[in-house]
Amino acid sequence: KQEVTQIPAALSVPEGENLVLNCSFTDSAIYNLQWFRQDPGKGLTSLLLIQSSQREQTSGRLNASLDKSSGRSTLYIAASQPGDSATYLCAVTGNYGQNFVFGPGTRLSVLP
Amino acid sequence: GAVVSQHPSWVICKSGTSVKIECRSLDFQATTMFWYRQFPKQSLMLMATSNEGSKATYEQGVEKDKFLINHASLTLSTLTVTSAHPEDSSFYICSAEGGAGETQYFGPGTRLLVL
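Residues numbered from 1 in each chain as written. Chains lettered and ligands numbered in written order. Predicted model: local features only at pLDDT ≥ 70, side-chain atom pairs only at ≥ 80, totals over all residues. Heavy atoms only, no water.

### Details of the state of the cysteines
Logical step 1: Summed over the entire model, instances satisfying the criterion amount to two disulfides over all chains.
Logical step 2: In this model, A:Cys23 is linked to A:Cys90 through a disulfide, with the two sulfur atoms separated by 2.0 Å. Here A:Cys23 and A:Cys90 share a disulfide; its torsion about the S-S bond, -60 degrees, makes the bridge left-handed. Linking A:Cys23 in strand S3 (residues 19-25) with A:Cys90 in strand S9 (residues 86-93), this pair joins segments that are 67 residues apart in sequence.
Logical step 3: Two residues, B:Cys23 and B:Cys94, share a disulfide whose sulfurs are 2.0 Å apart. Residues B:Cys23 and B:Cys94 are joined by a disulfide whose S-S torsion is about 80 degrees; by sign, that bridge is right-handed. With B:Cys23 in strand S3 (residues 19-25) and B:Cys94 in strand S9 (residues 90-97), this pair connects stretches of sequence that are 71 residues apart. (Disulfide = S-S within 2.5 Å. Helix = DSSP H or I, 4+ residues; strand = E, 2+ residues; numbered from the N terminus.)

### Thoughts on the pairing of S9(A)
Note on strand geometry: in a regular strand, side chains alternate between the two faces of the sheet.
Residue and element names in this part refer to chain A.
Logical step 1: Across the eight residues that make up S9, a large majority, eight, are buried.
Logical step 2: Where S9 and strand S11 (residues 106-111) come together, three bridges link them in antiparallel fashion. Paired with Tyr-88 across the two strands is Thr-106, which belongs to S11.
Logical step 3: Two elements, S9 and strand S10 (residues 100-102), share three bridges in a ladder whose sense is antiparallel. Across the sheet, residue Ala-91 finds its bridge partner in S10, namely Phe-102. (Buried < 20%, exposed > 50% of the residue type's maximum accessible area, 1.4 Å probe, protein only. Pairing = 2+ DSSP bridges.)

### A word on the side chain of B:Ser95
All names here are of chain B.
Logical step 1: Structurally, Ser-95 is set in strand S9.
Logical step 2: Given the relative accessible area of 0%, Ser-95 is considered buried.
Logical step 3: A distance of 3.1 Å separates a polar atom in the side chain of Ser-95 from a polar atom in the side chain of Gln-104.
Logical step 4: Apart from the residues lying within four places of it in its own chain, the contact partners of Ser-95 are Thr-32, Met-33, Phe-34, Tyr-36, Gln-104, Tyr-105 and Phe-106. (Polar contact = N/O pair within 3.5 Å; in protein donor to acceptor, adjacent residues only side chain to side chain. Contact = heavy atoms within 4.5 Å.)

Printed below as a string of structure tokens:
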């Protein structure tokens, strides 16, 4: 059974810092991995989707890498801003057309 | 990108009543829809997988007679929480995909509070 963990559980940084969020999954046979952002009381915002054949994806100040064989992904946020404060969720899908398995999330606070 | 809607966005009901939540794919046909539940300060957990025209597949520990799922068309799936109790209070969110392996799109979620 796939399990997803995220480290750290919570992170508080001053504005402007670069930071790294970590995600690990136990079964390397994934179809894709996706990073989401969730604001308090809100739904999910998709940030980056990495297919299993890819090693990284970039969007603006965000960069996500995937090491499928070791079961790891990292989300790099450059020059953090207070507006980045949210919970970041990592999720993977198994074989073709399966549901997402979510990690517990990392709660990020960026202080002005 | 594709849009998935949910209705209602929030609902408050009395214990013992039933609540229906709709999940719609607005600009694509969704062969499969997934229903997730998120309790406060926890992550999303899959409740069931719904394929159009067939019975839903429920995850272990999810009562199929309590959480009724209907996926009667390629654009609509409904989740009915029957005889809701306070412990059913949660954030319910659906996702939809057009075909096996295609991108899944998430709805905005429905917050349920059972008094």
